[in-house]
Amino acid sequence: MAEPHHAIVCALPSMPALPTDDETLSRDIQRYLEYHLGRYLGCNQYYLYEALAYTIRDRIMADWRNTWCLKKKNNSRRAHYLSLEFLIGRSLGNHLLNLDIREPVDEALKDFAISLEELRDTEPDAGLGNGGLGRLAACFMDSCATLALPVTGYGLRYEYGMFHQHIENGYQVEDPDHWMRDGHPWEVERPEYTQTVRFCGRTEHFVDPEGKPHARWIETEDVLAVPYDVPVSGYRNRIVNTLRLWSASATDEFNLKEFNAGDYADSVASKNQAENITMVLYPNDANENGKELRLRQQYFLTSASLQDAFRQYEQRPLSEFADHNVFQLNDTHPSIAVAEMMRILLDDPDKRLEWNEAWAITTRCMAYTNHTLLPEALERWPVKLFNCLLPRLLEIIYEINARFLADVRQRWPGDTDRVRRMSLIEEGPDPQVRMAWLAIVGSFSVNGVAALHSDLLKEGLFRDFYELWPERFNNKTNGVTPRRWLAIANPPLAELLTEQLGDGWQADLGRLQKMEPLADNGDVAFHRRWREIRLHNKRRLAQLVEAETGVAFDPNALFDIQVKRIHEYKRQLLNVLHVIHLYNRIRQGDTANWVDRCVLIGGKAAPGYIRAKEIIKLINNVAGVINNDPAVGNRLKLVFLPNYGVTKMMTICPAADLSEQISTAGKEASGTGNMKFMMNGAITIGTYDGANIEIMDAVGEDNFFLFGLRADEVQAMRANYRPQHFIDNDPDLQAVLRLLDSDHFSGMEPGLFRGILDSLRSPQDPWMTLADFRSYVDAQQRAEAVWRDHDQWTRMSIRNCAASGGFSTDRTIAEYNDEIWRLPSLA
Ligand code: 26W
């Protein structure tokens, strides 16, 4: 297909915006329903949702084109956000808010005798991510559009997103998430921008007529990358950016060649293999698993996206490419971009730069964000696999490494150990490419995602590189978008904020600080209103909990919530130990001044992470015992909420009183759920870890329940960690472990939780859970003491919301832009 001419498109008269009055909206919805979708009133609700989505998309289209023309006309510098994950969730409510057409849409829907709430609930989540890293990418896209920055997101259009979780006999069971089965009305397919991505084959070296050496990558197996564009609207600023998701498709040649060769079934199978690349999101959130298909995904995204950037750069001088383009690498997943950029600049017949020129350009436009310190999450790929799948890329990585190590040797002569540590290739019986090292060597910026995390990178994991290039290292503390996580998720609070602060806080969250005085000045009406809103939100969550689990939450109880991926370092186990401790107190009649509490835990376990799955089973078994013990009654409830995700969080975070952020210090890079809770007025109980530290700095130690060892104390204790010591000195802990040991929660399976118990009692326990037990229980008691004083709790709740302005991704993105991207605003 011929490519369109940009100049022509932009010279067209600018596209007029469609009317947004309720009558026109109603007519358009009906037209889509009947004339486009071929459905009728009274059909399955999904089609009404789809008709509405198309109607809204039409209202986005003009601004989308105008934004694109603005970028073209100004020839402006742009950023490309490369990420294997974009955890978007639903889009309808987001666009309605951004376009400010909620009211006419409400009105229009009356003609169809359906409420917006009902329609909204038919939209499936776009779950193209695992957890924090993927959701951060989605919040970033929202803020880039709101700040009018020319940023394009590049990702993969997975046919199957994050699996659905349901619980059978207390265990997690995974169901496939075929999220686009009924179509995806927000996307626009753009086959005219299809790219070809190569795999396998071999390389050939030759000398051109001028005597210069070059390489060719030949006999490759090619796969087409077809882009699907999803609009990203800014908050009421008429800017619409693009999230470009690539879908894999077999080439035509491939079809012809193979099909004519006679083996029809085989060729359908190999066509399938090509299209498998974007079939499914890998559901691992902290464990690299070295699967070949995953490396294919990474290269597929990276190569298609870089080629797309060069296509858009058109005929301008290559020497200025880095003045006009920057690529932000979301973790190491797309870090092959460093080598791919070199390949394009060196090998493309129309480029063929010298190594040094190509390297100067590459290292001026790559920037890398690290999202984890856990060694098991660090990506390494076997050289053997690389050689087979991406032979030309491996040659380039070897060359980068040779030149890099020559510099290291020059700087530290004779320091062979350092050279071994810093090499992009980890030597051994099965040599590996270290992707994080490739990302650092090839980037002008390396950042962590919270202050502590960025410091720990410099002192620990990336120490050698920090010594070499201190100027590359920086911090960008994460954030969350207040549009989704406050304005949309918490309408009654949003209304109150608008009354108090005027409109505009949605895109200027620092204004929340103006509420601080309202926490204290004894404004009785305001405090009452605050409590009513919270109660309303808690009723909403209680309905969800009851519908999903059959357990009744009393909205007057303390809602104590931990939702996030299930991982040992996040210590859902510590939470369970505390719940069992409370249960023991009830059984002993130690219930003076009791605070009724509803504990909710939710999150998915990676399907191969056995221990995480055992933790889910433990939570469910403990819940089964506690919730059915008549001696407990309303004093304590525990539920595991199945299938936690973006949309569920929108009901959960406005209803939380206590936000559990209890990772082993030094392990949670940042956390972002902590920010969503705080923004909605929850108080954190947390360790001195990740962004918890900055949350506490912002709100003050008195408004935060801090507990546990600090990162340096964890380190110091590790060598002689004696969990038995903590057990011996703590009768409460003894009682908790005794109950677990006695199979009280094991149902008909004695010894069911042996593995978990052994790991808690092991001096090798990396998460040192028992070391923090006492301090955690004490902090929980401080929380209860405050809860008993309702006014005090309300004051702290207001202060948390008021102090959350700095945790907007608008602040984060402004920092990325000021210090890394340096993009002009389109506004
Ligand atoms: C290769 C497999 C894999 C997949 C995902 C390894 C590692 C990951 C991510 C690093 C996991 C992740 O989501 N990390 C989280 O990133 C958030 C956004 O920066 C942080 O807030 C969380 O603390 C961090 O755990």
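Right above here is the structure, for reference.
Conventions used here
- Residues numbered from 1 in each chain as written.
- Predicted model: local features only at pLDDT ≥ 70, side-chain atom pairs only at ≥ 80, totals over all residues.
- Heavy atoms only, no water.
- Helix = DSSP H or I, 4+ residues; strand = E, 2+ residues; numbered from the N terminus.
- Contact = heavy atoms within 4.5 Å.
- Areas by Shrake-Rupley, 256 points an atom, 1.4 Å probe, with all protein chains shown as cover.
- Axes fitted to C-alpha atoms, helices over the stretch in contact; angles between N-to-C directions.
- Parallel < 35°, antiparallel > 145°, perpendicular 65-115°, else oblique.
- Nonpolar A, V, L, I, M, F, W, Y, C, P; charged D, E, K, R; others polar.
- Buried < 20%, exposed > 50% of the residue type's maximum accessible area, 1.4 Å probe, protein only.
- Core = buried A, V, L, I, M, F, W, Y, C linked by side-chain atoms within 4.5 Å.
- Pairing = 2+ DSSP bridges.
- Expected span 1.5 Å × (residues − 1).
- Near = heavy atom within 4 Å.
- Polar contact = N/O pair within 3.5 Å; in protein donor to acceptor, adjacent residues only side chain to side chain.
- Phe/Tyr/Trp six-rings, centres within 6.5 Å; stacked < 30°, edge-to-face > 60°.

**Here's the deal with the overall build of the protein chain**
Next, step 1: A count of helical and extended segments in the protein chain gives 35 helices and 25 strands.
Next, step 2: Structurally, the protein chain occupies a C-alpha span of about 90 × 75 × 55 Å along its principal axes.
Next, step 3: Within the protein chain, residue pairs in contact and separated by at least 24 positions form 77% of the contacts whose partners lie at least 6 positions apart.
Next, step 4: Surface summary for the protein chain: the accessible area is close to 31300 Å², and the carbon and sulfur share equals 49%.

**Side note on the packing of helix H33 (residues 773-788) against helix H34 (residues 790-802)**
Next, step 1: Contact geometry for H33 and H34: axes closest at 4 Å, N-to-C directions at 110°. By the criterion of interaxial angle, the relationship of H33 to H34 is roughly perpendicular. Taking contact as the criterion, the partners of Ala783, Val786, Trp787 and Arg788 in H33 are, on H34, His790, Gln792, Trp793 and Met796.
Next, step 2: Classifying every residue of the contact of H33 with H34 gives five nonpolar, two polar and one charged.

**With respect to unusual backbone geometry**
Next, step 1: If you check the backbone angles, Glu219 has positive phi at about 55° while not being a glycine.
Next, step 2: As for its placement among the helices and strands, Glu219 is situated in the loop between strand S10 (213-218) and strand S11 (221-233).
Next, step 3: Accessibility expressed as a relative area gives 56% for Glu219, which makes it exposed.
Next, step 4: Positioned with a positive phi, Arg236 is a non-glycine residue whose angle comes to about 50°.

**Points about the packing of helix H24 (residues 572-587) against helix H31 (residues 731-741)**
Next, step 1: At a closest axis distance of 9 Å, the pairing of H24 and H31 adopts a crossing angle of 95°. On the basis of the axis angle, H24 is roughly perpendicular to H31. From H24, Leu577, Ile580, His581, Tyr583, Asn584 and Arg587 reach across to H31, where they touch Asp732, Ala735, Val736, Leu739 and Leu740.

**Some remarks on the nonpolar core**
Next, step 1: Core analysis: the largest hydrophobic core is formed by 140 residues, its most contacted members being Phe199, Phe300, Phe386, Leu390 and Trp821.
Next, step 2: A total of ten residues in this core trace back to one element, the largest contributor, which is helix H3 (residues 45-74).
Next, step 3: What Leu390 contacts, discounting residues up to four positions off in sequence, is Arg198, Phe199, Trp217, Leu295, Tyr299, Ile336 and Leu385.
Next, step 4: Core analysis: the second largest hydrophobic core is formed by 65 residues, Ile601, Ile615, Ala623 and Val632 among them.

**Focus on the sheet that holds strand S24 (residues 683-686)**
Next, step 1: One open sheet holds the six strands; their spatial order is S22-S21-S20-S23-S24-S25, and the pairing between them is parallel. Because the sheet does not close on itself, it has two edges, and the strands there are strand S22 (636-641) and strand S25 (705-706).
Next, step 2: Two elements, strand S20 (residues 558-563) and strand S21 (residues 597-602), share six bridges in a ladder whose sense is parallel. Residue pairing for S21: Asp560 is matched across the bridge by Val599.
Next, step 3: Sitting on the sheet, helix H23 (residues 524-549) touches S20, S21 and S22, and the angle it makes with S22 is about 70°.
Next, step 4: Sheet strands in contact with H24 are S20, S21, S22 and strand S23 (658-661), and its direction is about 155° off that of S21.

**Things to note about helix H25 (residues 610-627)**
Next, step 1: In this model H25 runs 26 Å from its N-terminal to its C-terminal C-alpha over 18 residues, within 8% of the 26 Å that 1.5 Å per residue would give.
Next, step 2: Most of H25 is tucked away: 13 of the 18 residues are buried.

**A word on the site of the ligand**
Next, step 1: Inspection of the region around the ligand gives 22 residues, with Asp285, His371, Asn478, Glu668 and Gly671 positioned closest.
Next, step 2: Interatomic distance of 3.2 Å between a side-chain N/O atom of Tyr569 and an oxygen atom of the ligand.
Next, step 3: Contact distances for the ligand include 3.0 Å between an oxygen atom and a backbone N or O atom of Ser670.
Next, step 4: In isolation the ligand exposes 570 Å². Once the protein is present, 95% of that is buried.
Next, step 5: When the residues that make up the shell around the ligand are grouped by side-chain class, the tally is seven nonpolar, ten polar and five charged.

**Looking at the pairing of S10**
Next, step 1: One ladder, built from six bridges, connects strand S9 (residues 202-207) with S10; its direction is antiparallel. From the neighbouring strand, Arg202 faces S10, where its bridge partner is Ile218.
Next, step 2: Taking the residues between adjacent antiparallel strands as the criterion, S9 and S10 are bridged by five residues, where Gly211 takes a positive phi near 85°.

**A look at the packing of aromatic side chains**
Next, step 1: Scanning the model with the defined rule gives 29 aromatic pairs in all.
Next, step 2: Where Phe310 meets Phe321, the ring centres are 4.2 Å apart and the plane angle is 15°; that geometry is what we call stacked. Of this pair, Phe310 sits in helix H10 (residues 292-313) while Phe321 sits in helix H11 (residues 321-324), and the two are eleven residues apart along the sequence. The two residues Phe310 and Phe321 agree in class, both being buried.
Next, step 3: Pairing Trp437 with Phe462 gives two aromatic rings, centres 6.0 Å apart and planes at 80°, and the pair type is edge-to-face.

**Points about the environment of Gly686**
Next, step 1: Tracing the backbone through its elements, the reader meets Gly686 in strand S24.
Next, step 2: A residue is classified by how much of its surface remains accessible, and Gly686, at 0% relative accessible area, is buried.
Next, step 3: As for Gly686 and Val173, which are separated by 513 residues in sequence, their C-alpha atoms are 30 Å apart.
Next, step 4: Apart from the residues lying within four places of it in its own chain, the contact partners of Gly686 are Gln661, Asn692, Phe704, Phe705, Leu706 and Phe707.

**With respect to the side chain of Ser26**
Next, step 1: With respect to the helices and strands, the residue Ser26 is situated in helix H2 (residues 22-36).
Next, step 2: If we ignore the near neighbours within four places in the chain, the residues touching Ser26 are Ala108, Asp111 and Phe112.

Keep in mind these numbers describe shape, not what the thing actually does.
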